[in-house]
Amino acid sequence: MFKLTGDVLGGFNRFAGIVYDILGLKGDVSVDISVINDEEMRVLNRDTRGIDKTTDVLSYPALEKIEEFSQKNYPNDYDTLQKAVVLGDIAINTDAAARQAEEFGTGEREVNYLFVHGLLHLLGYDHMTDEDKKSMREIEERVLGAEDMSVVAAVIGRPNAGKSSLVNAIVGEKVSIVSPKPQTTRDRITGICTEGNKQIVFLDTPGMFRPRTKLDEHMDKSIKSSLGGDADVVIIVLDCTKGITADDEKLIEERLGYRAPLYVVLNKVDLKGYDAIYPILEKLNPYMSRKEGRSIKDVIPTSCKTGQNIDILKNALKAECASGGFLFPDDEYTDRPVKFIIGEIVREKALLFLQDEIPHGVGVAVTKVDEGGSPVHITADVIVDKKSHKQIVIGDGGAMIKKIGQSARRDIEQLTGDKVYLELFVKVRTGWRDKQNILHDIGY
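A brief structural summary. Only a predicted model underlies this, so the values are computations on that prediction, with no experimental measurement involved.

Here we come to the overall build of the protein chain. Helix and strand content of the protein chain: 15 helices and 15 strands. Taking the contacts inside the protein chain whose residues are at least 6 apart along the sequence as the reference set, 70% of them involve residues at least 24 apart. When the accessible surface of the protein chain is split by element, carbon and sulfur atoms take 47% of a total near 21,600 Å².

So, on to the nonpolar core. Phe 69, Leu 87, Ile 90, Ile 92, Phe 115, Val 116 and Leu 119 are the most contacted members of the largest nonpolar core, which has 33 residues in total. For this core, the element with the highest residue contribution is helix H4 (residues 107–122), accounting for eight residues. In contact with Val 116, other than residues within four places in its own chain, are Phe 15, Val 19, Glu 140, Val 143 and Leu 144. Counting 24 residues, the second-largest nonpolar core is a separate cluster that includes Leu 354, Val 366, Met 400 and Val 420.

Turning our eyes to something else, we now look at the pattern of salt bridges. Pairs can form between side chains of opposite charge once their charged atoms are near each other. In total, this model carries 21 salt bridges according to the counting rule given. With a shortest N-O distance of 3.9 Å, Arg 158 and Asp 248 are connected by a salt bridge. Taken together, the residues Arg 158 in the loop between strand S6 (149–157) and helix H6 (163–171) and Asp 248 in helix H8 (residues 246–255) connect sequence positions 90 residues apart. A relative accessible area of 30% places Arg 158 in the partly exposed class. Two residues, Glu 320 and Lys 297, come together in a salt bridge whose shortest N-O distance is 2.8 Å. With Glu 320 in the loop between helix H11 (310–319) and strand S12 (322–323) and Lys 297 in the loop between helix H10 (277–288) and strand S11 (298–301), the pair connects residues that are 23 residues apart, well separated along the chain. Taken together, the shared-partner salt bridges in this structure form one network comprising Asp 21, Glu 195, Asp 311, Lys 314 and Lys 318.

All chains considered together, the criterion is met by two aromatic pairs. With a centroid separation of 4.4 Å and 10° between ring planes, the pair formed by Phe 12 and Phe 115 is classed as stacked. Linking Phe 12 in helix H1 (residues 12–23) with Phe 115 in helix H4, this pair joins segments that are 103 residues apart in sequence. Here Phe 12 falls in the buried class, since its relative accessible area comes to 3%.

To continue, consider the state of the cysteines. Applying the stated criterion across every chain, the model contains zero disulfides. Free of any disulfide, Cys 193 has its nearest cysteine sulfur in Cys 321, 9.1 Å distant. The exposure class of Cys 321 is buried, given its relative accessible area of 8%.

Our focus in this paragraph is the sheet that holds strand S14 (residues 376–384). Taken in spatial order, the three strands of this open sheet run S13-S14-S15, and their pairing is mixed. Of all strands in the sheet, those with a lone pairing partner are strand S13 (362–370) and strand S15 (420–428), marking the two edges. Going from strand to strand, the sheet's axes swing by 20° on average, the running direction of each strand aside. Pairing of S13 with S14, which is carried by eight bridges, proceeds in the antiparallel orientation. Within the sheet, the bridge partner assigned to Lys 368 lies in S14 and is Thr 379. Across the sheet, helix H12 (residues 338–353) lies against S13, S14 and S15, angled at about 135° from S13, the strand it touches most. Packing of helix H14 (residues 399–416) onto the sheet brings it into contact with S14 and S15, and relative to S15 it is tilted by some 135°.

Turning to the packing of H8 against H10, a few remarks are in order. It is at 11 Å that the axes of H8 and H10 come closest, and there the two elements cross at 15°. It follows from the interaxial angle that H8 and H10 lie roughly parallel. With respect to the hand of their crossing, H8 and H10 are arranged in right-handed fashion. Residues Glu 249, Ile 252 and Glu 253 of H8 form the contact with H10, whose own contacting residues are Lys 283, Leu 284 and Tyr 287. For the contact of H8 with H10, a count of residues per class yields three nonpolar, no polar and three charged.

For the rest of this paragraph, the subject is H12. Across its 16 residues, H12 extends 23 Å between first and last C-alpha, which sits within 8% of the 22 Å expected from 1.5 Å per residue. In terms of burial, H12 is largely enclosed, as twelve of its 16 residues are buried. All of the buried residues in H12 are Phe 340, Ile 341, Ile 342, Gly 343, Glu 344, Ile 345, Val 346, Arg 347, Glu 348, Lys 349, Ala 350 and Leu 351.

With that settled, consider the pairing of strand S5 (residues 84–93). With eight of ten residues buried, S5 lies mostly within the body of the structure. Both strand S2 (residues 29–36) and S5 contribute to a ladder of eight bridges, which runs parallel. When the sheet's bridge partners are listed, Asp 32 is paired in S5 with Asp 89. Of the strand pairs in this sheet, strand S3 (residues 57–61) and S5 are connected by five bridges, and their pairing is antiparallel. Bridge pairing in S5 links Tyr 60 to Asp 89. Pairing analysis gives two bridges linking strand S4 (residues 78–79) to S5, with the strands arranged antiparallel. Following the sheet pairing, Asp 79 is matched in S5 by Ala 84. What sits between the antiparallel neighbours S4 and S5 is a turn of four residues, in which Lys 83 has the positive phi angle 55°.

The rules behind the values
Residues numbered from 1 in each chain as written. Predicted model: local features only at pLDDT ≥ 70, side-chain atom pairs only at ≥ 80, totals over all residues. Heavy atoms only, no water. Helix = DSSP H or I, 4+ residues; strand = E, 2+ residues; numbered from the N terminus. Contact = heavy atoms within 4.5 Å. Areas by Shrake-Rupley, 256 points an atom, 1.4 Å probe, with all protein chains shown as cover. Core = buried A, V, L, I, M, F, W, Y, C linked by side-chain atoms within 4.5 Å. Buried < 20%, exposed > 50% of the residue type's maximum accessible area, 1.4 Å probe, protein only. Salt bridge = Lys/Arg side-chain N within 4 Å of Asp/Glu carboxyl O. Phe/Tyr/Trp six-rings, centres within 6.5 Å; stacked < 30°, edge-to-face > 60°. Disulfide = S-S within 2.5 Å. Pairing = 2+ DSSP bridges. Axes fitted to C-alpha atoms, helices over the stretch in contact; angles between N-to-C directions. Parallel < 35°, antiparallel > 145°, perpendicular 65-115°, else oblique. Left-handed = near helix turned anticlockwise from the far one by under 90°. Nonpolar A, V, L, I, M, F, W, Y, C, P; charged D, E, K, R; others polar. Expected span 1.5 Å × (residues − 1).

Written out as structure tokens, the structure is:
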């Protein structure tokens, strides 16, 4: 995807993403953008082209050929800091855009047109002949006229299949916490991936299970809500290291009875390889080519660790997007409040570091987030179910709670973009998973 840098980006990211989709480009590139006036453009033309005049846009391509953008294909043009191939530079003349707006439309549209025009030049397009000019113009009109589209995708499956990791990999941000222990996700988390004019809204649900406590009932309700009509697409995630069970087949059969297209993701292929996938594909084959009723739309093997086929799944979901605009602003990646995400980050670290018998008795209630200065001051209660667990969470001399806090603080600083002072207090609340007031404080 495009990584834009420069003076003013405006809505350029949206148009860059549309160009990327239309041309079927792969890999990450960076483009530097300058927004200048007539006189600055005249100087730029004189210094770089030996022409003493102003123009509306200038492009400076860095690449001689266009292929998949990777470090392997462009070893000398790869920026290791941005982790992207340097595509080139664009200079846009806003004075020229204002003059052209009097004839062709608004100033904003003309600036966007000049950006798209300049970007196509970087990608090897030109207008030296009438045929080239027509081809370039057709792409420009498609890009500028593209409407915003969206799709809602429910992600379901057995505990610890990698549902949260999959959503995080596509969104590009930590929306849901991840741990090797089952039942990590306790609520239906909305992750949002917006690229170009396509927005994918993920409902990352807890794993399928039988509820026992009020917290379990809340988790079960989240799953049923996702499946009951909110979703346009359903993704069933299977852990390919564990094969496919009778319960998995039952879940697939049930989902094929709904109107939403069904995708099956075989996750964690990096741990087993394709030899482990073939027996699963054999069992799925009857659901993929049924003569009667609905069939699985596609089966996609993925690895969140290596990124294998993540783009294939993302592009399949983009193709499911329908007209109607975005459901969320294009700069949001989740609908959950900051306090909730902070609490989930702390809980993730508790799940990571504590013994196996403790994590499901741990909740985190964030009591204070003070962003009035730097560092951001945050306090949170780590809630345990039993007195015997409190000392384990605290650790010898406070070592464990300190370890949890230090690890959580690093992730929270990435979230807030600021230094963080994090205070954690361990409190015993017997039977808290059955107490609605405590669940409410935690955010469930």
